[in-house]
Structure formats: C-alpha cells, structure tokens
Amino acid sequence: MHKIPIKNYKRIFPIILIWISFSFGLVAQRSYDLIIRNGRIIDGTGNPWFQSDIGIVNGKIVAIKNLKNQKAKRDIDAKGLYVTPGFIDLHSHADRAMISDFIEPRMAKSLTSQGLTTVLGGADGRNMLWPLTKEMEALNSKGHGMNFILMVGHSTIRREVMGDDYERLATQDEIERMKGLLKEGLEIGAFGMGAGLEYRPARFSNTEELIALGKVISDYNGFYIAHQRNEAIMPLSQLPSTAKGWQVDGLQALEETIQIARATGIRVVGSHHKSRGRSAFGRSSHDIQVINNARDEGLQVFIDVYPYETFGGGARPMIPKWSLVDKNISIVGGRDDPKWREEGLFKNSRNNLKRNWSDSEKREIIKRDISWIVDHNGGQDRVVVVDYPDEAFVGKTLQQIANDRNTTYQEVVVYMALNGYEEVIGGAWTRGYGINDMDVTNYYKQDYTITSSDAAVSGVKDREGFQSEPGAHPRHFGAFTRRIARYVKDLNTTTLPFAIRSMTGLPASVVGLKDRGYLKEGFAADITIIDFNNIRDNATVLNPDLYSKGIEYVIINGNFTVDRGELTGNLPGVIIRSNHENF
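Remember, predicted model here, so these are calculated numbers, not experimental data.

A short note on the overall build of the protein chain
Secondary structure assignment for the protein chain yields 18 helices and 21 strands. Expected size for 583 residues packed as a compact globule is a radius of gyration near 25 Å; at 27 Å, the protein chain falls within 12% of this value. A principal-axis box enclosing the C-alpha atoms of the protein chain has dimensions of 115 × 55 × 45 Å. Split into buried and exposed, the 583 residues of the protein chain put 58% on the buried side. In the protein chain, of all internal contacts separated by at least 6 residues, the share reaching a separation of at least 24 is 76%. Accessible surface, the protein chain as shown: approximately 24,700 Å² in total, 48% of it carbon and sulfur. A distance of 6 Å separates the average location of the 72 positive side-chain charges in the protein chain from that of its 70 negative side-chain charges.

Brief notes about the packing of aromatic side chains
Following the criterion strictly, the structure yields 10 aromatic pairs and no others. Pairing Tyr-82 with Phe-532 gives two aromatic rings, centres 5.9 Å apart and planes at 75°, and the pair type is edge-to-face. Of this pair, Tyr-82 sits in strand E5 (residues 82–85) while Phe-532 sits in the loop between strand E17 (527–530) and strand E18 (551–556); the two residues are 450 residues apart in sequence, bridging distant segments of the chain. The residues Tyr-82 and Phe-532 share a single accessibility class, namely buried.

Things to note about the side chain of Arg-516
Summarising the element assignment, Arg-516 is placed in the loop between helix H18 (505–511) and E17. Of the residues examined, Arg-516 reaches a relative accessible area of 2% and is grouped as buried. One polar contact links Arg-516 to Asp-526, side chain to side chain, over a distance of 2.7 Å. A distance of 2.9 Å separates a polar atom in the side chain of Arg-516 from a polar atom in the side chain of Asn-557.

So, unusual backbone geometry
In this chain, Trp-130 is followed by Pro-131 through a cis amide linkage whose omega measures 0°. Inspection of the secondary structure assignment puts Pro-131 in the loop between strand E7 (116–120) and helix H5 (132–142). One non-glycine residue, Ala-108, adopts positive backbone phi at about 55°. Phi is positive for Asp-462, which is not a glycine, with a value near 65°. Along the chain, the position of Asp-462 falls in the loop between strand E16 (449–451) and helix H16 (475–490). In this structure Asp-462 comes out as exposed when scored by relative accessible area, which is 69%.

Considering the pattern of salt bridges
Enumeration over the complete set of coordinates arrives at 32 salt bridges. Between Glu-198 and Arg-276 there is a salt bridge, with its nearest N and O atoms 2.7 Å apart. Taken together, the residues span a long stretch of sequence, with Glu-198 in the loop between strand E10 (192–196) and helix H8 (207–219) and Arg-276 in the loop between strand E12 (267–270) and helix H10 (284–296) at a distance of 78 residues. For Glu-198, a relative accessible area of 3% corresponds to the buried category. The shortest N-O distance in the salt bridge between Asp-437 and Arg-486 comes to 2.6 Å. Highlighted residues: Asp-437 in helix H15 (residues 437–444) and Arg-486 in helix H16, separated in sequence by 49 residues. Look at Asp-437 and you get buried, because its relative accessible area is 11%. Residue classification places Arg-486 among the partly exposed positions, given a relative accessible area of 22%.

What about the nonpolar core?
One finds Met-146, Ile-157, Leu-182, Phe-223, Tyr-224 and Ile-484 to be the most contacted residues of the largest nonpolar core, which totals 107 residues. Apart from the residues lying within four places of it in its own chain, the contact partners of Ile-484 are Phe-87, Lys-489, Leu-496, Ile-500, Met-503, Ile-530, Phe-532 and Ile-535. By size, the runner-up hydrophobic cluster in this structure holds 31 residues, among which are Met-234, Val-325, Phe-393 and Ala-428.

Topic: the packing of helix H12 (residues 360–376) against helix H14 (residues 409–419)
The interhelical angle for the contact between H12 and H14, taken along N-to-C directions, is 100°, at an axis separation of 10 Å. Compared by their axis directions, H12 and H14 come out roughly perpendicular. Every residue of H14 that contacts H12 at Lys-367, Ile-370, Ser-371 and Val-374 is listed here: Tyr-409, Gln-410, Val-413 and Val-414. Counted by class, the contact of H12 with H14 contains 5 nonpolar, 2 polar and 1 charged residues.

Remarks on the pairing of E5
Every other side chain in a regular strand lies on the same face of the sheet, so the side chains alternate between the two faces. Here 2 bridges tie strand E1 (residues 31–41) to E5, and the two strands are oriented parallel to one another. Paired with Ile-41 across the strands is Val-83, a residue of E5. Note: E5 against E17, 4 bridges, orientation antiparallel. Counterpart to Pro-85 in the pairing with E17 is Ile-527.

A word on the side chain of Arg-37
Within the secondary structure, Arg-37 is located in strand E1. A distance of 2.7 Å separates the side chain of Arg-37 from the backbone oxygen of Leu-67, its partner in a polar contact. Here the side chain of Arg-37 touches Gln-70 through a polar contact of 2.8 Å, landing on its backbone oxygen. If we skip the residues at most four places from it in the chain, Arg-37 touches Ser-52, Asp-53, Leu-67, Lys-68, Gln-70, Asp-75, Ile-76, Asp-77, Ala-78 and Lys-79.

A closer look at the sheet that holds strand E21 (residues 575–576)
Spatial ordering of the open sheet is given by E6-E7-E8-E21, a layout of 4 strands whose pairing is parallel. Because the sheet does not close on itself, it has two edges, and the strands there are strand E6 (87–89) and E21. Pairing of E6 with E7, which is carried by 3 bridges, proceeds in the parallel orientation. For Ile-88, the partnering residue across the bridge sits in E7 and is Thr-118.

Reading the values: rules and limits
- Residues numbered from 1 in each chain as written.
- Predicted model: local features only at pLDDT ≥ 70, side-chain atom pairs only at ≥ 80, totals over all residues.
- Heavy atoms only, no water.
- Helix = DSSP H or I, 4+ residues; strand = E, 2+ residues; numbered from the N terminus.
- Rg over C-alpha atoms; globule rule 2.2 N^0.38 Å.
- Buried < 20%, exposed > 50% of the residue type's maximum accessible area, 1.4 Å probe, protein only.
- Contact = heavy atoms within 4.5 Å.
- Areas by Shrake-Rupley, 256 points an atom, 1.4 Å probe, with all protein chains shown as cover.
- Lys, Arg positive; Asp, Glu negative; His and termini not counted.
- Charge placed at Lys NZ, Arg CZ, Asp CG, Glu CD.
- Phe/Tyr/Trp six-rings, centres within 6.5 Å; stacked < 30°, edge-to-face > 60°.
- Polar contact = N/O pair within 3.5 Å; in protein donor to acceptor, adjacent residues only side chain to side chain.
- Salt bridge = Lys/Arg side-chain N within 4 Å of Asp/Glu carboxyl O.
- Core = buried A, V, L, I, M, F, W, Y, C linked by side-chain atoms within 4.5 Å.
- Axes fitted to C-alpha atoms, helices over the stretch in contact; angles between N-to-C directions.
- Parallel < 35°, antiparallel > 145°, perpendicular 65-115°, else oblique.
- Nonpolar A, V, L, I, M, F, W, Y, C, P; charged D, E, K, R; others polar.
- Pairing = 2+ DSSP bridges.

Distances and angles like these do not, on their own, reveal function.
Next comes the structure, spelled out in structure tokens:
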C-alpha cells in the first residue's frame, strides 16, 4: 500500500479543512424558494405562538429556525403577523366547483380568501362522481384551487346498491354489497365515509347498517363524519301535519353517532353540529355533557361547527308547500319528496292557497305548520325578509311586519305568498336565525370542536350554480375569518392558538393526514398568514359576497393563492389519498 509522507499531510490537511468548511458553507447557505421571516408561528398544536422564520423548498417546509443569513428566491417579512398552517374544512361543498368545466369556480376564491387550503369531499354522504376514480380524473384533468381529501359517500353507495328502491331498510345482502363498494373506495385512498342521515336516501337506513360499514372503516384506520339524523326537535323532512309517531330529535341523533363509535372503535364526527330551531336553543349544554361522557369512556367523538346563527345555503319560504298545490296531488314522502321538484307543480299556487286558507279546518293546519317552520328558523322575531317586491318588507322580521300591519306573523307569511314574486315559492325570500350564539360559543370552547363552513364556492359572476343569490349564507365568504374575528377578537371565547388548532391540527389528526395541519419540517407548505389586527368577515345575509379582510397570504404546496391580500387565481391543489402519495 502506498504511504503518503508525513510532510505531505501538512500540506494536504489545510486543503481538506478548506474543502470541508466550503461544503458546510454551501449547506448553510442553501437556496430557498421562499423564506417567511419574523412571523409569530402558531403551529397548529394549540401551543402559544413563538417567533421564527420558515424556509420552503419544492412545496415543503424544510426549516423552522433563524434563517437571518440565508437567501431565497422570495422573502416575506411577516413581522407582527401570525403564520399558521393552512385551514382545513371538514364540511365543504366545494367539490362541485372543483370539477367544473369553468376555471373561475375551480379557483374557489370565496373560500381561499378565508385562508382555506384543504377541503373534504363527499359532504352529506354524496360524491359528485362515482366511482372515486372518475372524481379523481375530473379533478386532475382541470386543476383546482385547494387540496382535496377523498371520502366515500354513504348515500352514494346506498343508491348504487338499492337504486330507487331505497325507502326501506337494506337487506343483509345489500349491506354486504355496500361494504364492498366502501372497501373499493378505501383501497383507492379514501380516508373514510361521510353520511347525510337527514336526507334521502340515507334517512331510510338504520344504525345497524352504519355500524356494519363502520367496521370496514376500522380495518383501514379511517373515520366517519355525518350530517346527523336531526339537529332540531323534528327532522327537516317532516311537519306537524305530516309527522307520524316519535321523531328522532337532535340529542338522539348525536347518541347514534356515539353508538357507532362505541360499536366500531373508529373516530366519528357530528358534522356542522348545532342546536337548530328556537325550541332547541340551549341544548348545547346537554350535548357537551353527553360527548364528554363518551370521551371519558374512551370513545373518539368530535364535532365540527360553523360560526353563525343562521343555517341553510340559501333563503327559503316559511309556508308549507302542500298548501300551494292541487288538492288531487298526493305527496306523502315528506318535505324532501322528489315529486316536489316536478315541473308545473306550483303553477296554480295562489289559487290553491286561497282555497286552502278559506277552509277553516285547513287554515288551522296551515297556521300550525307555519308556526313550526318559523320556530325551526328561529322564531318570528328572527326570520328576516331578504327579498320581496315591496321593499318596505326587506330587512324586517316577520314580527316587525306583523306589527306594522296589525296582524299575525302567520298571516304575513300567507300575504307574501299571495302577493309576492309569482316565480318564487311562498312569494318572498326569507332567512331565519335558527341558531343561538350562546350554543355556538359553548361548542367552540370544547377542545374536540373543529371549525367548518358548510360552504360552497360562491360569488362567481355569469356562472349558473356559483353565483350569489338573494339571502345566500355569508359562510361562503366568511366562515373561517369569522371564527377568529368574532369568537377570538370580539367575544374572547378562546385564545387564537386554540381557534387555529380547531382549523388545522385537530381536523388533520381526525382525518389522519400525515403531512398537513401543522407547521413542521418535512410537512407540505400549506400556510396561512394573518393580520390579526385587521381580520374581519364582511359578508352578511343582505350582502353575502363580500370578501374578508386580514388574510394576507395563503400558500398551498408552496404556491400562492392569496398574495399580499390579493387573490391570484392559481390552481395548486392536489388530491390527498390515505396511505398514498399525493396524487
């Protein structure tokens, strides 16, 4: 073996030292795509903020530390701003926009402007396309503005198996076939199953069917999220004039969700959970005790809640539809009977209402149904007219109009149906405040409560289905910013880190996301940067398409969808699959 003379080591050693120092210098001086400097880091765990820099390369967070002497292609000075994980929405209706043929809905500006970076698919148990491979193909072929979490819809697979013959319990064979479809979706990469038990066809299922499917979810370490069977004292599909027997109430619906967790061991979420209707105001205290007891038992029970006192996507009538149709038409399937959508059904609505109202017996039934509908929407002093030919009605409650006219609120509802817009069922667009802020506040104080929106993409001009409508819910533009502005800044319900956790780390952990929801090295660069001093939701029922303020930057996979407070229109979203690389 050739030996190097000792005297040569003396010459070579300094060169080696210089080379090593230079190499370490290259590592230390690595070039970043983006450095966010001097921000107040809220990492998604609920811990207090700390000040640091964040370095991003190729859509990943690679450093959270002092990067004072490092260089990047772009710098953001976040001094005085809060840097958080991107917000995750577990109850979103953005999926229809994400697969639109038009680019504007796919930008999802009304949602990304709130700080959202990731949404869950299959809300209320419905997939936009089936099988999931079709949904994935549609998402990938066009590009979309947010990350998309795959889920299997319970209603989707129930309809696939049972067709139109679903107004009954499923047979054991049908449940086995549903289990097979669920398994296929989970194999592709769905994180679990969503359900919409207050809607068709799922409302005809029973708990045993859901437990059988939950056991399949358990095999994949998935989770279950449900629009529960009821959130009020009577389900949406019923009226006092049509209800037969005991109707499942909101508390019993919650107990069913807990029963599924108990029987299967899976994580369960009661979605857009609420105490709906004036008669249910205050039920949050009971709900919280029931959930606490379940969690003390060791069950993985969670809820998600949106930060408003009004529910439902659009404005609605306060009159029972049956009072507007011909007496020879039989519609016995509830308020959600598909026959209500038949063309021409309401062509003689005014004459039909006059006939029914003139019948003293039917008039009392109509009054009773109106009373229930109005109570369900918050009461006569909390139902507001948002659009009507007589502008003197607009912005007033039913009670205020009744006082002005020296009549009852039931008669106001009938008057509007007889004298309002002919093309609008009930003659007027109205919106009720059927949730009490006390209940929202109570739910938000719980460490198992996730923030959600129940919002679709809205405010897209000239695109049918994505435009703002009279009385549209302000959540489409303001849910996540309102969670901070009202419940942290105004009411001091929780701390900011606690609220951010409810939007980021908590939903990520419930879903089972491996590289999102927290600010950690190695995680995807999904980041929202907030100006807390200026954050404010601006959308209202009468002006529903106003953008929020205070969201300065939104970064998805290292790309900006909001930059210096301005929307970019970029489409950086990916499909997130369970146990797979991002697709």
